[in-house]
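If you want the building blocks of each chain, they are given just below.
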Amino acid sequence: MNEQDLNLYIGNNINKIRKIIEDTCKRVGRDSKEVMLLAVSKTKPIDYIKSAINKEQRVFGENKVQEILDKYEHNLDVSWHMIGHLQTNKVKYIVDKVDLIHSVESLKLANTINKEAQKKNVVCDILVEVNVAEEDSKFGINIEECETFIRQISELPNIRVRGLMTIAPFVDNPEENRVHFRKLKEVFVDINNKNIHNVNMDVLSMGMSNDYEVAIEEGSTIVRVGTGIFGVR
Ligand SMILES: *Cc1c(COP(=O)(O)O)cnc(C)c1O
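Small disclaimer: the values here were computed from a predicted structure and weren't measured.

The rules we used
- Along every chain, residues carry numbers that run from 1 in the direction the sequence is written.
- Predicted model: local features are reported for residues with pLDDT of at least 70 only, side-chain atom pairs are reported and counted for 80 or more only, and whole-chain, interface and lining totals are derived from all residues.
- Think of the side-chain values as coming from all heavy atoms in the structure, minus any hydrogens and water.
- We count a stretch as a helix when DSSP gives it H or I for four or more residues in a row; a strand needs E for two or more, and each element gets its number in order from the N terminus.
- When checking whether two residues touch, look at their non-hydrogen atoms; a contact exists if any pair is within 4.5 Å.
- Within this document, salt bridges are pairs made up of a side-chain nitrogen of Lys or Arg and a carboxyl oxygen of Asp or Glu, the two lying within 4 Å of each other.
- Here's how the labels work: a residue is buried when its accessible area is under 20% of the maximum for its type, exposed when over 50%, partly exposed in between, all with a 1.4 Å probe on protein chains only.
- Only a single heavy atom is needed: when it lies within 4 Å of a molecule or strand, its residue is near that molecule or strand.
- A 3.5 Å cut-off defines polar contacts: any pair of N or O atoms within that distance qualifies, except that in protein one atom must be a possible hydrogen donor and the other a possible acceptor, and neighbouring residues in sequence count only when both atoms are side-chain atoms.
- For the accessible areas, the method is Shrake-Rupley and the probe is 1.4 Å, while residue cover comes only from the protein chains on display.
- Only protein atoms enter the calculation, which uses a 1 Å grid: trapped sets of points that fit a 1.4 Å probe without letting it out are cavities, open sets showing protein on both sides within 12 Å along at least five of seven lines are pockets, and any residue with an atom within 4 Å of a point is a lining residue.
- Placement in a cavity or pocket follows one criterion, namely that more than half of the molecule's atoms lie within 2 Å of its grid points.

### Details of the environment of Asn7
- Along the chain, Asn7 turns up in helix H1 (residues 3-27).
- Here the alpha-carbon distance between Asn7 and Lys55, two residues 48 residues apart in the chain, equals 8.5 Å.

### What to know about the side chain of Asn131
- Within the element layout of this structure, Asn131 appears in the loop between strand S5 (124-129) and helix H6 (146-153).
- In this view, Asn131 contacts Lys138, Phe139, Gly140, Ile141 and Asn142; residues no more than four positions away in its chain are not counted.

### Digging into the pattern of salt bridges
- One pass over the full model with this rule turns up 20 salt bridges.
- Close ionic contact of Glu62 with Lys71 constitutes a salt bridge, the shortest N to O distance being 2.8 Å. Each of the two residues, Glu62 as well as Lys71, counts as buried.
- A salt bridge links Arg178 to Glu175, with the shortest nitrogen-to-oxygen separation between them at 2.8 Å.

### Some remarks on helix H2 (residues 46-54)
- Within H2 the residues assigned to the buried category are Ile46, Tyr48, Ile49, Ser51, Ala52 and Ile53.
- In this structure, the buried residues of H2 make contact with H1, strand S2 (59-62), helix H3 (65-72), strand S3 (79-82) and helix H9 (227-230).
- Note on H2: the residue one or two positions beyond its end, Glu56, has a positive phi of about 65°.

### A word on the site of the ligand
- Close to the ligand lie Val40, Lys42, Ile83, Ile167, Met208, Ser209, Arg224, Val225, Gly226, Thr227 and Arg233, which account for all nearby residues.
- Between the ligand and the protein, one listed contact pairs an oxygen atom with a side-chain N or O atom of Lys42 at 2.6 Å.
- Arg224 has a polar side-chain atom sitting 2.8 Å from a nitrogen atom of the ligand.
- Alone, the ligand offers 390 Å² of accessible surface; in the complex the protein occludes 90% of this.
- Most atoms of the ligand, that is more than half of them, are within 2 Å of grid points of the largest pocket.

### A look at unusual backbone geometry
- One non-glycine residue, Thr43, adopts positive backbone phi at about 70°.
- Structurally, Thr43 is set in the loop between strand S1 (36-40) and H2.
- Among the residues examined, Thr43 registers a relative accessible area of 53% and is labelled exposed.
- The backbone of Glu56 sits at a positive phi, close to 65°, despite the residue not being glycine.
- Mapped onto the secondary structure, Glu56 falls in the loop between H2 and S2.

So, in structure tokens, the structure goes:
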């Protein structure tokens, strides 16, 4: 696609998704300012990101450390979120470059993020990844372990637990994921009500291209949309 076509294509997609977010929020009595659209740009070249920036999109999600580093080099005026599985030995490369890590699912990883954040004198915002549907193929802690895990990592001074994230199962009918989104929201509210020292969660990252409407209806505050904005990968 040439630059003009790409701008048009991505611009239209973003407009369409913003409108759906707006309409969905209205339908369930939510303020659409509570819902952030995270543009998942993994595997897509920098031109695609620039087209989204032309539409005032400012927050991008990536799932590979090397790709974040490559794209970070371009010095775009945007914010990066790490949404993919993160190996402890790579934490040091991105801890001061991303504004939110969505995928914290082990004590070892949390400790490493804390340690590397300390070295760089930053506090790192993180989400705990929860495997709500308990799929063997997915990373994430189980719902029952959530509170204990959060209590443990809440002690780490250079980490701030901002909320929960889930990758719901791949389904044909997004309604099938409603039960999982509802469950995660429940856990989110429950844990917040425990008044754990240092834990004040305000982010619920759930919903992707095929199920973000349902996720918003169930309380999502970040929807992670890749295909819907940039096309198939
Ligand atoms: C790729 C990815 C997405 C976006 O998926 P789409 O179906 O393309 O919207 C969202 N979240 C995570 C963690 C991903 O890896």
